[in-house]
Amino acid sequence: QVQLVESGGGLVQPGGSLRLSCAASGSIISINVMGWYRQAPGKQRELVASITSGGSTNYADSVKGRFTISRDNAKNTVFLQMNSLKPEDTAVYYCNADQWERVGYLRNYWGKGTLVTVSS
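Small disclaimer: the values here were computed from a predicted structure and weren't measured.

Some remarks on the overall build of the protein
Along the backbone of the protein there are zero helices and 11 strands. Walking the protein from its N terminus toward its C terminus, one meets helices and strands in the order β-β-β-β-β-β-β-β-β-β-β. For 120 residues, the compact-globule estimate of 2.2 N^0.38 gives 14 Å, and the protein sits close to it at 14 Å. Counting over 120 residues, the protein shows a buried share of 38%.

Regarding the state of the cysteines
Applying the stated criterion across every chain, the model contains one disulfide. Disulfide pairing is shown between cysteine 22 and cysteine 95; the S-S distance is 2.1 Å. Residues cysteine 22 and cysteine 95 are joined through a disulfide that is left-handed, its torsion about the S-S bond being -85°. Here cysteine 22 is found in strand S3 (residues 18-26), whereas its partner cysteine 95 is found in strand S9 (residues 91-102), with 73 residues between them in sequence.

Comments concerning the side chain of arginine 71
On the secondary structure map, arginine 71 appears in strand S7 (residues 67-72). One buried charge, arginine 71, has no salt-bridge partner; the nearest side chain with opposite charge is aspartate 98, at 7.7 Å. Here the side chain of arginine 71 touches asparagine 32 through a polar contact of 2.6 Å, landing on its backbone oxygen. At a separation of 2.6 Å, a polar atom in the side chain of arginine 71 contacts the side chain of asparagine 73. In this structure, arginine 71 is in contact with Ile31, Asn32, Val33, Met34, Ile51, Thr52, Ser53, Thr77, Val78 and Phe79, ignoring residues within four places of it in sequence.

Looking at the packing of aromatic side chains
Aromatic ring pairs are defined here through the distance separating the ring centres and the angle between the ring planes. Applying the stated criterion to the full structure yields one aromatic pair. When the ring of tyrosine 37 is compared with that of tryptophan 110, the centres are 4.9 Å apart and the planes differ by 65°; the resulting orientation is edge-to-face. With a gap of 73 residues between them, tyrosine 37 in strand S4 (residues 31-39) and tryptophan 110 in strand S10 (residues 105-110) connect regions that are remote in the sequence. One residue, arginine 19, lies across the ring of phenylalanine 79, its end atom 4.2 Å from the ring centre. The positively charged end of arginine 45 is found above the aromatic ring belonging to tryptophan 110, 4.7 Å away from the centroid.

Topic: the sheet that holds S3
Ordered by their spatial adjacency, four strands build an open sheet running S1-S3-S8-S7, and the pairing between neighbours is antiparallel. The strands lining the two open edges of the sheet, one partner per strand, are strand S1 (2-7) and S7. Strand after strand, the sheet turns through a mean of 15° between neighbouring axes, direction not considered. As judged from the six bridges shared by S7 and strand S8 (residues 77-82), these two strands associate in the antiparallel manner. Of the residues in S8, the one forming a bridge with serine 70 is phenylalanine 79.

Regarding unusual backbone geometry
Here the phi dihedral of asparagine 76 falls at roughly 50°; this positive angle occurs in a residue that is not glycine. Tracing the chain through its elements places asparagine 76 in the loop between S7 and S8. The class for asparagine 76 is partly exposed, based on a relative accessible area of 21%. One non-glycine residue with positive phi stands out, namely serine 84, at about 50°. Within the secondary structure, serine 84 sits in the loop between S8 and S9. For serine 84, a relative accessible area of 40% corresponds to the partly exposed category.

Calculation criteria
Residues numbered from 1 in each chain as written. Predicted model: local features only at pLDDT ≥ 70, side-chain atom pairs only at ≥ 80, totals over all residues. Heavy atoms only, no water. Helix = DSSP H or I, 4+ residues; strand = E, 2+ residues; numbered from the N terminus. Rg over C-alpha atoms; globule rule 2.2 N^0.38 Å. Buried < 20%, exposed > 50% of the residue type's maximum accessible area, 1.4 Å probe, protein only. Disulfide = S-S within 2.5 Å. Lys, Arg positive; Asp, Glu negative; His and termini not counted. Salt bridge = Lys/Arg side-chain N within 4 Å of Asp/Glu carboxyl O. Polar contact = N/O pair within 3.5 Å; in protein donor to acceptor, adjacent residues only side chain to side chain. Contact = heavy atoms within 4.5 Å. Phe/Tyr/Trp six-rings, centres within 6.5 Å; stacked < 30°, edge-to-face > 60°. Lys NZ or Arg CZ within 6 Å of the ring centre and 35° of its normal. Pairing = 2+ DSSP bridges. Axes fitted to C-alpha atoms, helices over the stretch in contact; angles between N-to-C directions.

Below you can see the structure in the form of structure tokens.
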């Protein structure tokens with residue numbers, strides 16, 4: 001019902017920057033929290049950053065001071081500005097969003113992911 005499409009992934013050198021975006025479309029009622037997760041080869045998926053509709057944010061300790069999450073509520077879009085990238089940031093990055101579709105039921109949606117490779 002809700003589709004999430006990521007864009008902006010690619011290859012970047014250590015110390016470089018990259019900006020990811022994720023646009024939601026479909027049967028949107030009102031999206032609450034949006035966030036970015038990542039999964040590196042051989043590791044579990046982890047939360048990178050999240051943001052509420054009111055603008056409150058939280059970040060993984062490993063990206064604090066380097067990454068910034070933001071959103072445009074009118075366009076149902078979330079962004080992730082990544083600076084000072086390190087090789088350990090290499091992973092598939094997934095967009096996530098949730099929506100209350102009935103009382104007591106919070107539905108979560110995932111994008112297909114976009115690959116970020118940090119290498120010299």
